[in-house]
Amino acid sequence: MDFSLKKDAHTEFASRLLFARDQVHILHLQTQSYAQHIALNELYDSLLGSFDSFVETMQGKLSKIFTGYKTYPYVNLTPIEFVTAFKSEVQSYREKNLK
């Protein structure tokens, strides 16, 4: 996902956070590994609070209410593959938009 500096980069990232929360929840419910089930549950629980904090902080900082959220389809990745890819998205967003 390209998070280059543009006016909707923050809303795009917020949309990806919502997608990640739903994707992690599905992976949490589908895993046959108890360790992954517990780890994904912790990640799922933390994403909602992180999303809320991020959006409210950025809206306050920018004095702008985010609109135009997008949705994304489920992707067929293992938990490790998804978390690794999402980590890269977070790093890309931070590097391009939070300096």
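Scroll up for the structure.
Criteria and thresholds
Residues numbered from 1 in each chain as written. Predicted model: local features only at pLDDT ≥ 70, side-chain atom pairs only at ≥ 80, totals over all residues. Heavy atoms only, no water. Helix = DSSP H or I, 4+ residues; strand = E, 2+ residues; numbered from the N terminus. Rg over C-alpha atoms; globule rule 2.2 N^0.38 Å. Areas by Shrake-Rupley, 256 points an atom, 1.4 Å probe, with all protein chains shown as cover. Lys, Arg positive; Asp, Glu negative; His and termini not counted. Charge placed at Lys NZ, Arg CZ, Asp CG, Glu CD. Polar contact = N/O pair within 3.5 Å; in protein donor to acceptor, adjacent residues only side chain to side chain. Contact = heavy atoms within 4.5 Å. Core = buried A, V, L, I, M, F, W, Y, C linked by side-chain atoms within 4.5 Å. Buried < 20%, exposed > 50% of the residue type's maximum accessible area, 1.4 Å probe, protein only.

## Digging into the overall build of the protein chain
Scanning the protein chain from N- to C-terminus turns up three helices and zero strands. Ordering the α and β elements of the protein chain from the N terminus gives α-α-α. In summary, the protein chain has a C-alpha radius of gyration of 14 Å against a globular reference of 13 Å for 99 residues, a match within 12%. The dimensions of the protein chain, computed from C-alpha atoms along their principal axes, are 45 × 25 × 25 Å. For the protein chain, the exposed area adds up to about 6,400 Å²; of that, 57% sits on carbon and sulfur atoms. Of the charged side chains in the protein chain, 11 are positive and 11 negative; the average position of the first set lies 9 Å away from that of the second.

## Re the side chain of R21
Of note, R21 is situated in helix α1 (residues 9-30). Polar side-chain contacts of R21 include one of 2.9 Å to the side chain of D22. Those residues in contact with R21, other than ones at most four positions away along the chain, are Y44, L47 and L48.

## Some remarks on the nonpolar core
Ranked by size, the top nonpolar core spans 17 residues in total, and within it A14, L17, F54, V55, F66, F82 and F86 carry the most contacts. Listed by contribution, the elements that provide at least two residues to this core are α1, α2 (34-62) and α3 (79-97). A per-element tally of this core places α1 first, with seven residues.

## Thoughts on unusual backbone geometry
A positive phi angle, close to 50°, is found at S63, a residue other than glycine. If you trace the backbone, S63 turns up in the loop between α2 and α3.

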